[in-house]
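Summary of structural features
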Amino acid sequence: MDKKKPVTNITSMLTETRVFPPAKEFSKQAHVKSMAEYKKLYNESIKSPEKFWGKQGKNELAWFKPFSKVMQWKAPNAKWFLGGKLNVSYNCLDKWLNTPTANKAALIWEGEPAAPGKVGEERTLTYKQLHHEVCLFANVLKRNGIKKGDRIIIYLPMVPEAAIAMLACSRVGAIHSVVFGGFSAQSVADRIQDCQAKMVITSDGGFRRGAVVPLKKNVDDALMIEDANNGLLAKTIERVVVLKRSGNEVQMHTGRDIWWHEEVSLVDAHCPAEKMDSEAPLFILYTSGSTGKPKGILHSTAGYLLGAKITTKYVFDIKDTDVYWCTADIGWVTGHSYVVYGPLANGATSLMYEGAPNWPEPDRFWRIVAKYGVTVLYTAPTAIRAFMKWGTEWPKKHDLSSLRLLGSVGEPINPEAWMWYHEFIGGKRCPIVDTWWQTETGNIMITPLPGVTPTKPGSATLPFFGILPEVVDDNGKPVPKGSGGKLVIRKPWPSMLRGIWGDPKRFVETYWSEVKGSYFTGDGVRQDKDGYFWIVGRIDDVLNVAGHRIGTAEVESALVSNPKVAEAAVVGRPDELKGQAMVVFVTLKTGVKASEQLKTELRNHVGKEIGAVAKPDDVRFAEALPKTRSGKIMRRLLKQIASGVDIKGDTTTLEDFSVLAKLTSDE
Ligand code: 7RM
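Residues numbered from 1 in each chain as written. Predicted model: local features only at pLDDT ≥ 70, side-chain atom pairs only at ≥ 80, totals over all residues. Heavy atoms only, no water.

Applying the stated criterion across every chain, the model contains 40 aromatic pairs. Ring geometry for Tyr338 and Tyr378: centres 5.8 Å apart, planes at 85°, overall edge-to-face. Placement of the pair is Tyr338 in helix H11 (residues 333-345) and Tyr378 in strand S18 (residues 376-379), with a sequence separation of 40 residues. A single burial state applies to Tyr338 and to Tyr378, both of which are buried. (Phe/Tyr/Trp six-rings, centres within 6.5 Å; stacked < 30°, edge-to-face > 60°. Helix = DSSP H or I, 4+ residues; strand = E, 2+ residues; numbered from the N terminus. Buried < 20%, exposed > 50% of the residue type's maximum accessible area, 1.4 Å probe, protein only.)

Further remarks concern the nonpolar core. Membership of the largest hydrophobic core comes to 121 residues, with the highest contact counts inside it found for Leu130, Phe137, Leu141, Ile201, Phe316 and Tyr341. With near-sequence residues (within four places) excluded, Phe316 lies in contact with Thr311, Tyr324, Tyr338, Val376, Tyr378, Arg404, Leu405, Val433 and Ile444. (Core = buried A, V, L, I, M, F, W, Y, C linked by side-chain atoms within 4.5 Å. Contact = heavy atoms within 4.5 Å.)

Quick look at helix H13 (residues 381-390) now. Burial analysis of H13 places seven of its ten residues in the buried class, which makes it a mostly covered element. Of the residues making up H13, those classed as buried are Pro381, Thr382, Ala383, Ile384, Arg385, Phe387 and Met388. Buried residues in H13 make contact with helix H12 (364-372), S18, strand S19 (405-408), helix H15 (415-425) and strand S28 (565-575). Backbone geometry just downstream of H13 places Gly391 in the positive-phi region, at approximately 105°.

Moving on, we come to the packing of helix H6 (residues 160-172) against H11. In contact at an axis separation of 11 Å, H6 and H11 are set at 60° when each is read in the N-to-C sense. The orientation of H6 relative to H11 falls into the category oblique. Of the two possible hands of crossing, H6 and H11 adopt the one that is right-handed. Two secondary-structure elements touch here, H6 through Ala163, Met166, Leu167 and Ser170 and H11 through His336, Val340, Tyr341 and Leu344. Looking at side-chain class alone, the contact of H6 with H11 contains six nonpolar, two polar and no charged residues. (Axes fitted to C-alpha atoms, helices over the stretch in contact; angles between N-to-C directions. Parallel < 35°, antiparallel > 145°, perpendicular 65-115°, else oblique. Left-handed = near helix turned anticlockwise from the far one by under 90°. Nonpolar A, V, L, I, M, F, W, Y, C, P; charged D, E, K, R; others polar.)

Our focus in this paragraph is the side chain of His299. Within the fold, His299 resides in strand S15 (residues 295-300). Here His299 falls in the buried class, since its relative accessible area comes to 0%. In this structure the side chain of His299 is engaged in a polar contact, spanning 3.3 Å, whose partner is the backbone oxygen of Ser495. Setting aside residues up to four positions removed in sequence, His299 forms contacts with Pro281, Leu282, Phe283, Tyr304, Thr439, Glu440, Thr441, Gly442, Ser495, Met496 and Leu497. (Polar contact = N/O pair within 3.5 Å; in protein donor to acceptor, adjacent residues only side chain to side chain.)

A few words on the sheet that holds strand S5 (residues 122-126). If you walk across this open sheet you meet the seven strands as S5-S4-S17-S16-S18-S19-S20, and the pairing is mixed. Where the open sheet ends on each side, the last strands, each with one partner, are S5 and strand S20 (432-434). The mean inter-strand angle of the sheet, taken between neighbouring strand axes irrespective of direction, is 20°. Two strands pair when backbone bridges link them, and strand S16 (residues 323-326) and S18 are joined in this way by three bridges, in the parallel orientation. (Pairing = 2+ DSSP bridges.)

This paragraph deals with the environment of Ile432. Relative to the helices and strands, Ile432 is located in strand S20. Overall, the relative accessible area of 2% leaves Ile432 in the buried class. When the C-alpha positions of Ile432 and Arg490 are compared, they lie 27 Å apart, and in sequence the two are 58 residues distant. Beyond its immediate stretch of four places on either side in the chain, Ile432 contacts Leu406, Trp418, Tyr421, His422, Pro448 and Thr455.

Taken together, 16 residues lie around the ligand, and Asp434, Thr435, Thr439, Asp523 and Lys632 are the ones closest in. Here Pro412 contributes a backbone N or O atom positioned 3.3 Å from a nitrogen atom of the ligand. Lys632 places a side-chain nitrogen or oxygen 2.8 Å from an oxygen atom of the ligand. A total of 530 Å² of accessible area belongs to the ligand in isolation, and the protein chains cover 88% of it. Counting only elements with at least two residues in the shell around the ligand, the list comes to H11 and strand S25 (533-538). Looking at the shell around the ligand residue by residue, the classes come out as six nonpolar, five polar and five charged. (Near = heavy atom within 4 Å. Areas by Shrake-Rupley, 256 points an atom, 1.4 Å probe, with all protein chains shown as cover.)

Right, let's get into the environment of Gly607. With respect to the element layout, Gly607 can be found in helix H18 (residues 596-609). Along the chain, Gly607 and Ala558 lie 49 residues apart, while their C-alpha atoms are 9.1 Å from each other. Setting aside residues up to four positions removed in sequence, Gly607 forms contacts with Ala612 and Lys615.

Now for the sheet that holds strand S22 (residues 484-489). An order of S21-S22-S24-S25 is seen for the four strands of this open sheet, with the pairing classed as antiparallel. At either end of the open sheet lies a strand with only one pairing partner, and these are strand S21 (469-472) and S25. Here the average twist between neighbouring strands, direction ignored, is 45°. Judged from the five bridges that link them, strand S24 (residues 519-527) and S25 form a sheet pairing that is antiparallel. Residue pairing for S25: Gly524 is matched across the bridge by Gly537. On top of the sheet, helix H17 (residues 552-560) reaches S24 and S25; it is set at about 95° to S25, its chief contact.

Caution applies to low-pLDDT regions: their predicted coordinates should not be interpreted in detail. Here the chain averages 93 in pLDDT, and 96% of its residues register 70 or above. Here residues 1-6 is a poorly scored stretch, pLDDT under 50, and it has five contacts once near neighbours within four places are set aside; other chains count. (pLDDT = per-residue confidence, 0-100.)

On to the pairing of S15. By the criterion of burial, S15 is predominantly enclosed, with six of the six residues buried. Across the two faces of S15 the burial is the same, with Lys295, Ile297 and His299 and Gly296, Leu298 and Ser300 all buried. Bridge count between strand S14 (residues 281-287) and S15: six bridges; the pairing is antiparallel. When the bridges of S15 are listed, Tyr286 appears paired with Gly296.

Of the two faces of S18, the one holding Val376 and Tyr378 and the one holding Leu377 and Thr379 are both buried throughout. Here S18 pairs with S19 via four bridges, running parallel. Bridge pairing links Val376 to Leu405 in S19.

Applying the stated criterion across every chain yields a total of 44 salt bridges. Between Lys55 and Glu44 there is a salt bridge whose closest N-O contact spans 3.7 Å. Taken together, the residues Lys55 in helix H3 (residues 49-60) and Glu44 in helix H2 (residues 35-47) connect sequence positions eleven residues apart. The exposure class of Lys55 is partly exposed, given its relative accessible area of 45%. A relative accessible area of 19% places Glu44 in the buried class. For the salt bridge of Asp221 with Lys217, the shortest nitrogen-to-oxygen distance reads 2.9 Å. With Asp221 and Lys217 both in helix H8 (residues 215-222) and four residues apart, the pair spans about one turn of that helix. (Salt bridge = Lys/Arg side-chain N within 4 Å of Asp/Glu carboxyl O.)

Next up, the structure:
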């Protein structure tokens, strides 16, 4: 093949031909019922965005003061629903108070501790009860000097109070930044420093796989970390609110630290929601950049809430009777949009589980599905691959017949995992929505609609209303269908990020400089003849082997389609002859032994599935792959290992450091 091909012309060789149209019975009852209906709405949303979004904004949100202008767009700065006043917690709670929804479960929560074969501690909060708790805690915030625009770090386990704290912040107009409970003291300190937070909300500890994570202790440590000039890094903190959860002993610093339960006993539950501007910042969520310091992705009020609400409604086809479970931690954007804001803005029942999927045994998720009659389940490919590895006997023990819809997010889902999810969890009857989006996009962007879109395993399919994605080459020119390129978004959308906290230059460089006038996602993608989008991996991870640009997702999918392989990660290392050589890291299914022979078998398997050009040069077996705490494989680190260089760059998001040690020591 021609070696002078444009750099982004990613070769795509894996073809998936299975198609799963939605069942008639599903389509009949769905919010959007046919492809014709989707196309009509979609075309309207692209042709007349102001009309489309104006209508959505007016109908879906409750306003204290109506907006006067739908949007104002001067790349890269967007403003939506100008002149309007509203409150997120009002839209999620107060709105339901004088309706039948008031006494419906808003949150169903299950704690982690449980004996094998037993269920765990359980709490249910109706909309009315949740409203009460949020009002109390909002008054606690005010009592402790919190004002509109102040930043608050939330560092809590997956307990109802995490949602209560988020909603209380939005009620008083404070900007929350949730830090995942698995992050270290250093990460907490860096984030406090970056956004100059005044308060931390934490707990004594949290349960994880039976052990207690000492959250309060981490906060104490964070507040003692020194900066380069021997001052304190996180010196802006005035108050630390401590929730009692795990019962471990903690040190309380007089004048700074206060107990959640004592504080709420000092206030009443009367707390009208602040009238916030449409564009008032709602939250900052840090995501790791490929190098150096984390980026504080900023989202604002009206646009974000509208996006979270309508994607939840249409993508998860939310109905009043659903028990909806998104398994993401509240520390990730998925937890923000699809555990808290999206479901509550729809008056839905959202399930929250505190702990690990394999505690005390690998059937915990299925036990929960059966116990509560979960109808919609939204999880990640990394979890699905773990379930596959643990074996079908675990889901088979439980009655999963309440499920009617499944979702996937976080990484490309390889067709093998898709089929397994479809068969063993969905009982072949549930549509699967493979949803592509990012922290930056705020909510789902490319996705099937479950009553509409025939799905193809591994494809996120078609854009959501108002979203105009395109596949372009290095010059920003659209590429023909079938070839790969960069994924960009051509039009502004309400829930798009409003910036990187305190770093407008980085905002422009990262997202708005690659392709002029468009938002650059950083992902590589291919569109097939039906216009379906297939994410092939991050652009930075795309390999260039002898002039062939090969996305990571396809080779990984081919490897995982071998029954001996549990998980795979593909990276390049410099090679004099070919530019890059392909190195694959593979973890094996339980009971499978690594051998030289298996290496050859896997190389040939990829050759057969994709083609000789994609045959790995090197196969390496690993016990586990380095992942972020939200489950994404960190290929950047594997690349450095494969190239034999020292690990550089940000490793704070790495889930388990011992994985790296094992990978580097075996050669
Ligand atoms: C929601 C979330 C964003 C990145 C994104 C992609 C990858 C997410 C999918 C996916 C293929 C999907 N936010 N990604 N969903 N790739 N198919 N359905 O994950 O900010 O943490 O990550 O994740 O690379 O750019 S995130």
